[in-house]
Amino acid sequence: MAAGTPHPLVLAGSGESGSIFRPGGRFFRLAGRRGQLRSRRRLTPPRGRASFRRMNIEPLKEQFAARFGRPPQHLVRAPGRVNLVGEHTDYNDGFVLPIAIDRQIAAAVAIREDRTLRLASMEADEQAAVALDEPIETGSPAWANYCRGVAAGLLDAGVELVGADVLFHSDVPLGAGLSSSAALEVCTAMALLAAAGKTGAVAPYDLARLCQTAEHVYAGAPCGIMDQAISVMGRAGRALLLDCRDGSTELIPFDDPRMVLLVADTQVKHAIADGGYAARRTQCESAAAKLHLPSLRDADAGMVADAAETGKLDEKETMRARHVVGEIARTLAAVEALKGGDYRRFGELMYGSHASLRDDYEVSCPELDAIVELARPLGGVCGARMTGGGFGGSAIILAQAERAEEISQAVAAGFAERFGRACPIFATRAEAGAGML
Ligand code: GLA
């Protein structure tokens with residue numbers, strides 16, 4: 001397979017264009033904790049109230065039965081993510097502040113008598129077979145390599161897996177920078193552990209690391225730990241402050257009903273295995289080595305400025321290091337702003353993060369910059385920035401809930417005028433990390 005080929009779990013909803021705000025429309029009210037449906041009563045939201053997604057699992061169950069001739073024994077899920085702030089800091093031992101979102105990959109699973117995994121997806125034509133007693137290698141279809149890597153990692157970790165049929169279903173838009181790959185890895189892990197009766201056998205952070213390794217080795221994508229960690233450890237109504245040096249975490253409330261987080265998908269596809277991401281990692285590592293530091297987490301702004309002046313760091317290393325040092329500080333400042341409900345300050349930090357990613361880290365693109373600049377002057381917008389690895393993908397806008405609909409429309413219209421095509425925008429919120437359905 002081509003290293004890092006994105007899996008084709010595109011879906012339902014990813015092709016939708018324009019805003020999903022439905023003034024006077026209908027939505028399901030979800031309970032705050034762990035995304036459980038508290039009431040099945042349909043409510044009419046006040047004007048501008050966002051609709052959040054809840055995947056319909058019935059087609060997954062039906063298709064599983066149709067393909068494999070029996071009902072599934074387990075249903076599991078793992079979400080995609082957006083990162084609020086703290087970009088390209090994870091592989092520099094820094095801090096990140098992501099949320100798990102209401103877009104996920106779900107899987108239906110049933111045990112098989114033999115030692116084979118049959119992996120299929122509602123979003124892909126080809127299915128894969130993996131023999132558990134033979135060395136697990138990459139192969140076709142390419143999307144299943146994320147799953148092969150996870151199976152290999154679990155076996156290496158000593159987990160006794162069993163043969164299983166697995167059917168995936170995704171509503172994480174593909175290539176939108178919302179971590180569909182991490183969701184697929186974590187969902188695979190949940191499915192295989194459930195089939196083996198070993199749910200909970202691997203500690204959450206270890207499971208995230210195992211999935212990260214799968215992505216490195218089986219997809220050729222040298223990602224950090226953020227995406228897998230939030231997919232495993234996300235909580236409804238909370239952002240996760242993760243210290244990527246030691247894996248310690250703090251849950252930060254992110255559930256103010258007056259605010260909403262909008263995700264605007266540029267539809268410019270990016271892949272971590274493309275080379276730009278790895279090049280940034282290498283520049284950071286070489287900057288840290290030249291500063292005689294274990295990682296850029298240990299650098300400060302003065303050190304970077306001095307090293308630039310004396311020529312110890314070259315121009316690109318200086319720019320990359322300046323971003324990382326500034327972004328780590330911004331992430332910690334953003335946590336304080338969030339704790340104090342200071343959205344104006346939080347928004348300034350988002351703009352600061354975007355500018356640094358654009359100018360010093362050079363991972364933005366005209367479409368991402370346009371979304372941020374279109375949003376910035378609008379009433380009710382607190383802040384905006386690109387999210388994820390960059391080179392395309394999505395931007396996020398933190399906005400007052402009551403203005404969110406008009407903001408979405410204005411940004412979508414400005415984007416269409418500039419680029420001649422739609423820019424899907426949807427509202428999201430912090431949802432629970434991976435689990436059983
Ligand atoms: C991608 C990677 C993450 C992280 C971000 C940038 O999403 O998978 O590990 O490095 O880019 O913050």
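All of the points below concern the structure found in this document. As the structure is a computational prediction, the values presented were derived from the model and not from experiment.

Attention shifts here to the site of the ligand. Around the ligand sit 13 residues, and of these Glu87, His88, Asp90, Asp227 and Tyr277 come closest. Between the ligand and glycine 224, the relevant distance is 2.8 Å, taken from an oxygen atom to a main-chain nitrogen or oxygen of the residue. For the ligand, an oxygen atom lies 3.4 Å from a polar atom in the backbone of glycine 389. Within the complex, 99% of the 310 Å² of free accessible area of the ligand lies under protein. Taken together, the residues of the shell around the ligand break down into 5 nonpolar, 4 polar and 4 charged.

Another point: the pattern of salt bridges. Under the counting rule described, the total for this entry stands at 30 salt bridges. Salt-bridge contacts for aspartate 255 lead to arginine 238; the nearest nitrogen and oxygen are separated by 3.3 Å. Remark: arginine 238 occurs in strand β9 (residues 238-243) and aspartate 255 occurs in the loop between β10 (249-253) and β11 (259-265); sequence separation between them is 17 residues. For aspartate 255, a relative accessible area of 48% gives the class partly exposed. Among the salt bridges present, the one from arginine 330 reaches glutamate 327, with a minimum N-O distance of 3.0 Å. Highlighted residues: arginine 330 and glutamate 327, both in helix α8 (residues 315-339), separated by 3 residues, approximately one helical turn. Put simply, Arg70, Arg112, Asp114, Arg118 and Asp165 are held in one network by salt bridges that share partners.

The rules we used
- Note that residues are indexed from 1 along each chain, following the sequence as it is written.
- Where local features are concerned, this predicted model is filtered to residues with pLDDT of at least 70; where side-chain atom pairs are given and counted, the filter is 80 or more; whole-chain, interface and lining totals use all residues.
- With hydrogens and water excluded, all non-hydrogen atoms of the structure serve as input to the side-chain values.
- For this description, a residue counts as near a given molecule or strand if any of its non-hydrogen atoms is within 4 Å of it.
- Polar contact criterion, stated in full: a pair of N or O atoms within 3.5 Å, where within protein one must be able to donate a hydrogen and the other to accept it, and residues adjacent in sequence count only if both atoms are side-chain atoms.
- All accessible-area figures derive from a Shrake-Rupley calculation using a 1.4 Å probe, and residue coverage is judged against the displayed protein chains alone.
- All amino acids are sorted into three groups, where Ala, Val, Leu, Ile, Met, Phe, Trp, Tyr, Cys and Pro are nonpolar, Asp, Glu, Lys and Arg are charged, and the leftover types, Gly among them, are polar.
- Here, a salt bridge means any Lys or Arg side-chain nitrogen found within 4 Å of an Asp or Glu carboxyl oxygen.
- Here a strand is any run of E in DSSP of at least two residues, a helix any run of H or I of at least four, and the numbering for each starts at the N terminus.
- Whether a residue is buried, partly exposed or exposed follows from its accessible area with a 1.4 Å probe, protein chains only, as a fraction of its type maximum: under 20%, in between, or over 50%, in that order.

Just geometry here; none of it tells us what the structure is for.
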